[in-house]
Amino acid sequence: MDSFKDKNLSNGLFFLELLSAVEPRVVNWNLVTKGESGLSAMHRVGSAGNTSNSVRPRKEKRLTYVLNDADNAKHCAGINCLAVLKSSVADGCDYLFTGSRDSTLKRWSLAEDGATCSSTFESHVDWVNDVVIAGGNTLVSCSSDTTLKAWNCFSDGTCTRTLRQHSDYVTSLAAAPKNSNVVASGGLGGEVFIWDLEAALAPTSKTSDATEDECSNGISGLGNSLPITSVRTIGSSNNISLHATQSHGYVPVAAKGHKESVYALGMNDSGTLLVSGGTEKVVRVWDPRTGSKTMKLRGHTDNVRALLLDSTGRLCLSGSSDSMIRLWDLGQQRCVHSYAVHTDSVWALASNPSFSHVYSGGRDLSLYLTDLATRESILLCTKEHPILRLASHDDGIWVATTDSSVHKWPVEGHNPQKVFQRGGSFVAGNLSFTRARASLEGSTPVPVYKEPSFSIPGTPAIVQHEILNNRRHVLTKDTAGSVKLWEITRGVVVKDFGEVSFKEKKEELFEMVSIPAWFTVDTRLGSLSVHLDTPQCFSAEMYSADLNIVGKPEDDKVNLARETLKGLFAYWLTKRRQRSGSQASANGEVPSGKDISARSITLSRGEVDGNVENDTVVYPPFEFSAASPPSIITEGSQGGPWRKKITDLDGTEDEKYFPWWCLDCVLNNRLPPRENTKCSFYLHPCEGSSVQILTQGKLSAPRILRIHKVVNYVVEKMVLDKPLDSMDSDGTFAPGLTGGPLQHPAVGGDGSFRSGLKSWQKLKPSIEILCNNQASYGIRPSTFAHNVLSPDMSLATVRTYIWKKQEDLVLNYRVVQGSR
């Protein structure tokens with residue numbers, strides 16, 4: 001399992017990803033026997049939506065937005081994969097491609113004095129696990145979102161095609177350097193597929209918005225189905241058979257045989273031989289042209305994590321969680337050498353061009369160079385993080401770890417023997433305990449290099465978070481120990497506290513407020529991912545005065561999710577209006593101000609929010625920055641999940657790409673039916689008090705109603721000691737009140753308080769509102785009693801922190817002595 005999740009198909013138990021890449025044998029089973037329902041929909045993308053034959057209620061699509069306050073030209077999570085593209089011309093620029101746990105890939109233009117991020121490839125919605133280059137300018141990546149994606153290496157980062165065939169996380173890829181058409185993929189579902197890229201990436205006969213609903217193998221793209229014309233046809237000597245029909249499109253060759261997860265793949269230069277390994281502890285060998293098995297190699301005692309074939313396909317190197325490296329002769333079908341170099345899992349292998357030396361790294365934080373013939377080995381460097389991937393480049397080697405930075409080390413790639421001439425080497429044993437015993441005896445070798453020759457820095461990943469009670473701020477801590485306070489309705493860091501105690505800062509920022517949990521957060525991608533699910537995301541409201549919104553009545557109720565969605569979709573709406581306006585102008589029509597939706601939303605099931613029916617303004621507490629825009633991760637009615645920056649949306653996306661409830665909210669001001677947003681309570685005189693009984697029935701008010709409004713209500717009821725003759729048509733008081741129908745400006749026809757009550761312009765008594773013998777003072781200051789509750793406390797806050805009971809809230813009132 002290591003850095004991934006493994007799945008036991010027989011009993012349905014799932015392992016969760018561990019950022020520290022923990023081995024299965026040390027996993028705490030109290031943490032990992034959690035069912036699939038414990039994983040978020042974003043990460044278990046296969047469970048999103050509903051099948052046509054299902055009788056279960058439809059599950060609405062989630063909308064996630066990912067925040068990042070750092071430089072977009074840097075990764076913010078561990079680097080899972082590397083690929084080097086050498087320039088085909090003299091003095092040309094070489095490129096390094098990196099794939100990260102932050103779900104993006106980046107292209108780095110390499111120069112002697114530095115590296116520049118020249119493009120970010122953003123479309124995957126989960127960890128990018130591997131990347132290969134095929135045909136010189138086609139980049140293929142795979143992800144824990146179960147997809148493969150194809151990109152033009154030199155593009156601006158637009159995904160040209162998404163390939164959906166795997167049922168679980170796709171962990172590894174292999175390409176044939178001399179056959180640009182062949183790419184193999186393997187994953188946790190035990191599946192291995194061999195793809196003919198020319199067939200897989202060919203333009204479909206459908207329109208450009210063909211989706212996986214229209215193609216059974218799920219080959220789809222988001223608004224872009226451009227063909228990749230650079231991949232050449234497979235020669236007749238190594239032709240991959242096509243499983244394609246006119247109606248269903250291309251289907252890759254399946255290499256069937258793995259019963260458990262696949263972690264590693266390797267392929268020879270011509271693409272005629274494929275090796276795979278995983279949790280079955282064996283190396284399987286395949287003919288990728290037919291998907292047939294040719295042999296099975298046994299010897300490792302734990303997961304096979306890395307595989308490497310020489311150019312001819314005769315020799316194979318394997319690295320395992322048993323800490324061993326093995327050299328296999330495929331012609332003899334046996335292990336010819338084993339190397340006890342590491343003291344822990346081997347996760348990454350790379351060789352020099354002649355396949356005479358191997359570089360290896362893994363969980364023991366160490367990078368070794370081993371002479372395969374003499375068994376001589378030397379420690380090149382040690383890292384602070386486990387090594388995940390290696391990539392040779394000229395006389396250096398790029399090293400990727402669970403950290404977000406990438407380093408290049410000077411390892412004399414063209415003449416590895418120069419390194420051994422420095423001394424400090426040892427002879428690798430053939431049993432893993434040999435190397436482990438040497439380490440325990442204090443004979444750990446000294447690394448040759450202290451510092452890398454070249455580094456591409458990343459930014460620290462967020463590893464801890466806490467949603468504060470105000471439900472607008474999230475406190476985070478990153479791998480550098482820095483504690484920050486985020487305002488998630490704007491996507492910005494409002495305070496960087498530096499390296500302080502996370503626990504103490506959390507306690508310091510505690511507020512006694514109660515607001516419904518309208519969003520959830522995770523930091524799996526190294527940054528804050530904020531998840532909105534309907535209808536619960538629409539449960540939180542605040543008064544405009546509490547949000548300091550200028551230009552709105554202070555007692556207007558503001559739905560936090562709605563305003564946040566307006567802010568996220570503001571750029572999209574602007575481009576949509578521009579497109580609508582240009583199309584109308586071309587037809588000689590004048591577009592109306594309300595004509596912002598080219599296609600009507602027919603699935604609307606909510607009610608129009610009357611307070612904001614014509615309110616399309618994005619208010620400051622909900623404005624997202626264009627300088628550091630969040631990315632949206634979501635799924636529409638067709639196709640699979642996708643990811644894009646909010647500023648990169650072009651206005652053409654519609655309900656096929658966005659969840660219907662998001663569009664219904666943004667375009668039509670329509671909110672879905674929500675749970676009761678009101679709080680029921682009783683208002684009684686304090687026991688033993690001589691004040692009059694004002695009400696006997698149950699009252700109802702918005703949960704966000706402040707206690708000072710209740711004070712005002714009691715004061716006015718006392719001052720108005722008889723009913724008003726001039727009744728408001730909707731002012732009937734709550735049911736259950738004895739006596740005649742009392743009308744009151746503070747009460748609506750449904751018995752609920754109105755928040756817009758103005759201060760009474762008469763001499764008033766000072767009133768205290770109590771709950772569980774704790775008092776809240778209003779109107780006039782008082783020196784009486786202890787535990788005074790703030791008049792700004794809401795009914796929900798009183799119920800949560802003071803009442804603390806399931807029964808309806810009971811509030812008591814009394815007159816402060818001598819106040820009349």
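All values derive from a computational prediction rather than experimental measurement.

Scoring rules and cut-offs
- Residues numbered from 1 in each chain as written.
- Predicted model: local features only at pLDDT ≥ 70, side-chain atom pairs only at ≥ 80, totals over all residues.
- Heavy atoms only, no water.
- Helix = DSSP H or I, 4+ residues; strand = E, 2+ residues; numbered from the N terminus.
- Expected span 1.5 Å × (residues − 1).
- Buried < 20%, exposed > 50% of the residue type's maximum accessible area, 1.4 Å probe, protein only.
- Salt bridge = Lys/Arg side-chain N within 4 Å of Asp/Glu carboxyl O.
- Disulfide = S-S within 2.5 Å.
- Pairing = 2+ DSSP bridges.
- Axes fitted to C-alpha atoms, helices over the stretch in contact; angles between N-to-C directions.
- Parallel < 35°, antiparallel > 145°, perpendicular 65-115°, else oblique.
- Contact = heavy atoms within 4.5 Å.
- Nonpolar A, V, L, I, M, F, W, Y, C, P; charged D, E, K, R; others polar.
- Patch = residues over 30% accessible without salt bridge, like charges linked within 9 Å, V, L, I, M, F, W, Y side chains within 5 Å.
- Areas by Shrake-Rupley, 256 points an atom, 1.4 Å probe, with all protein chains shown as cover.
- Lys, Arg positive; Asp, Glu negative; His and termini not counted.
- Charge placed at Lys NZ, Arg CZ, Asp CG, Glu CD.

Some points on helix α9 (residues 707-719)
- A rise of 1.5 Å per residue sets the reference length of α9, with its 13 residues, at 18 Å; its end C-alpha atoms lie 19 Å apart and thus fit the reference within 8%.
- Extensive coverage of α9 is indicated by the burial of 11 of its 13 residues.
- Residues of α9 that are buried include every one of Ile707, Lys709, Val710, Val711, Asn712, Tyr713, Val714, Val715, Glu716, Lys717 and Met718, and no others.

Here we look at the pattern of salt bridges
- According to the stated counting rule, one finds 26 salt bridges in the structure shown.
- Across the pair aspartate 556 and lysine 552 runs a salt bridge whose closest N-O atoms are separated by 3.6 Å.
- Look at lysine 552 and you get buried, because its relative accessible area is 12%.
- Here arginine 670 makes a salt bridge to aspartate 664, at a shortest N to O gap of 3.5 Å.
- Judged by relative accessible area, which is 26%, arginine 670 ranks as partly exposed.

Observations concerning helix α8 (residues 660-668)
- With 8 of 9 residues buried, α8 is to be regarded as a mostly interior element.
- Taken as a whole, α8 has its buried residues at Trp660, Trp661, Cys662, Leu663, Asp664, Cys665, Val666 and Leu667.
- Of the residues flanking the end of α8, it is asparagine 669, one or two places downstream, whose phi is positive at about 55°.

A word on the state of the cysteines
- According to the stated counting rule, one finds 0 disulfides in the structure shown.
- No disulfide involves cysteine 662; its sulfur sits 7.4 Å from that of cysteine 537, the nearest cysteine.

Quick word on the sheet that holds strand β42 (residues 631-634)
- Ordered by their spatial adjacency, 5 strands build an open sheet running β37-β38-β1-β42-β43, and the pairing between neighbours is antiparallel. Where the open sheet ends on each side, the last strands, each with one partner, are β37 (520-522) and β43 (642-645). Adjacent strand axes in the sheet meet at a mean angle of 25°, parallel and antiparallel pairs treated alike.
- Direction of pairing for strand β1 (residues 63-67) relative to β42: antiparallel, over a ladder of 4 bridges. Paired with threonine 64 across the bridge in β42 is isoleucine 633.

Examining the packing of helix α6 (residues 560-568) against α8
- Contact geometry for α6 and α8: axes closest at 9 Å, N-to-C directions at 90°. What the angle tells us is that α6 and α8 run roughly perpendicular. Together, Arg562, Leu565 and Lys566 of α6 and Trp661, Cys662, Cys665 and Val666 of α8 make up the contact between the two elements.
- Taken together, the residues of the contact of α6 with α8 sort by class into 5 nonpolar, no polar and 2 charged.

Thoughts on a positive patch on the surface
- Residues Lys259, Lys293, Lys296 and Arg298 make up a contiguous surface patch of positive charge.
- For lysine 259, a relative accessible area of 63% translates into the label exposed.

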